[in-house]
Amino acid sequence: MASIARLPMPIQETWDWQYEGACRETNPETFFSPDSERGPRRRRREAAAKALCAVCPVRQACLEHALAVREPYGVWGGLNINEREMIIADRKAG
């Protein structure tokens, strides 16, 4: 019998959580900073993104996705790249 382990996982079931995201109809720029953005402006934008994440019904799924794929940009699941990297480092150390 042929092994099906190498076949891709079902796509719709894997990504269905995104349809429930509070960010679905929000401007993506809220979650991703321009290269030149720094200081108070960046902190305000990230705070706005995190506030939306705080009330999102799929926040945990979003965060776990970002951690699993090591998403290098933006706010995912209420955390920015630096915060996510700390979690990844803690998981490796633990």
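Conventions and cut-offs
- Residues numbered from 1 in each chain as written.
- Predicted model: local features only at pLDDT ≥ 70, side-chain atom pairs only at ≥ 80, totals over all residues.
- Heavy atoms only, no water.
- Helix = DSSP H or I, 4+ residues; strand = E, 2+ residues; numbered from the N terminus.
- Buried < 20%, exposed > 50% of the residue type's maximum accessible area, 1.4 Å probe, protein only.
- Contact = heavy atoms within 4.5 Å.
- Core = buried A, V, L, I, M, F, W, Y, C linked by side-chain atoms within 4.5 Å.
- Axes fitted to C-alpha atoms, helices over the stretch in contact; angles between N-to-C directions.
- Parallel < 35°, antiparallel > 145°, perpendicular 65-115°, else oblique.
- Left-handed = near helix turned anticlockwise from the far one by under 90°.
- Nonpolar A, V, L, I, M, F, W, Y, C, P; charged D, E, K, R; others polar.
- pLDDT = per-residue confidence, 0-100.
- Salt bridge = Lys/Arg side-chain N within 4 Å of Asp/Glu carboxyl O.

Once that is clear, we can look at the overall build of the protein. Check the secondary structure of the protein and you find 4 helices and 0 strands. When the helices and strands of the protein are placed in sequence order, the string is α-α-α-α. Counting the 94 residues in the protein, one finds 27% classified as buried. If you take every contact in the protein between residues at least 6 apart in sequence, the share linking residues at least 24 apart comes to 42%.

Here we come to the nonpolar core. Within the largest apolar cluster, 6 residues are counted, these being W17, C56, V58, C62, A66 and W76. Other than its neighbours up to four places away in sequence, A66 contacts E71, W76 and R84.

Here we come to the packing of helix α3 (residues 59–69) against helix α4 (residues 81–93). Where α3 contacts α4, the axes come no closer than 10 Å and their chain directions differ by 70°. As far as their axial angle goes, α4 and α3 are roughly perpendicular. For the element pair α3 and α4, the recorded crossing hand is right-handed. Within the contact between the two elements, α3 uses L63, E64, A66 and L67 and α4 uses R84, I87, I88 and R91. For the contact of α3 with α4, the residue count by class is 5 nonpolar, no polar and 3 charged.

It is worth spelling out the confidence of the model for the protein at this point. With 86% of its residues at a pLDDT of at least 70, the protein reaches an overall mean of 89. By mean pLDDT, helix α1 (residues 11–15) is the weakest element of the protein at 69, and helix α2 (residues 39–54) is the strongest at 96.

On inspection of all chains with the given rule, the structure shows 6 salt bridges. Between E46 and R45 there is a salt bridge, with its nearest N and O atoms 4.0 Å apart. Judged by its relative accessible area of 13%, E46 falls in the buried class. E83 is paired through a salt bridge with K50; the nearest N and O atoms lie 2.8 Å apart. Of this pair, E83 sits in helix α4 while K50 sits in helix α2, placing them 33 residues apart in sequence. Relative accessible area serves as the criterion here: at 24%, E83 is assigned to the partly exposed category. A relative accessible area of 24% places K50 in the partly exposed class. Connected through salt bridges with shared partners, the residues E37, R42, R45 and E46 form a single ionic network.

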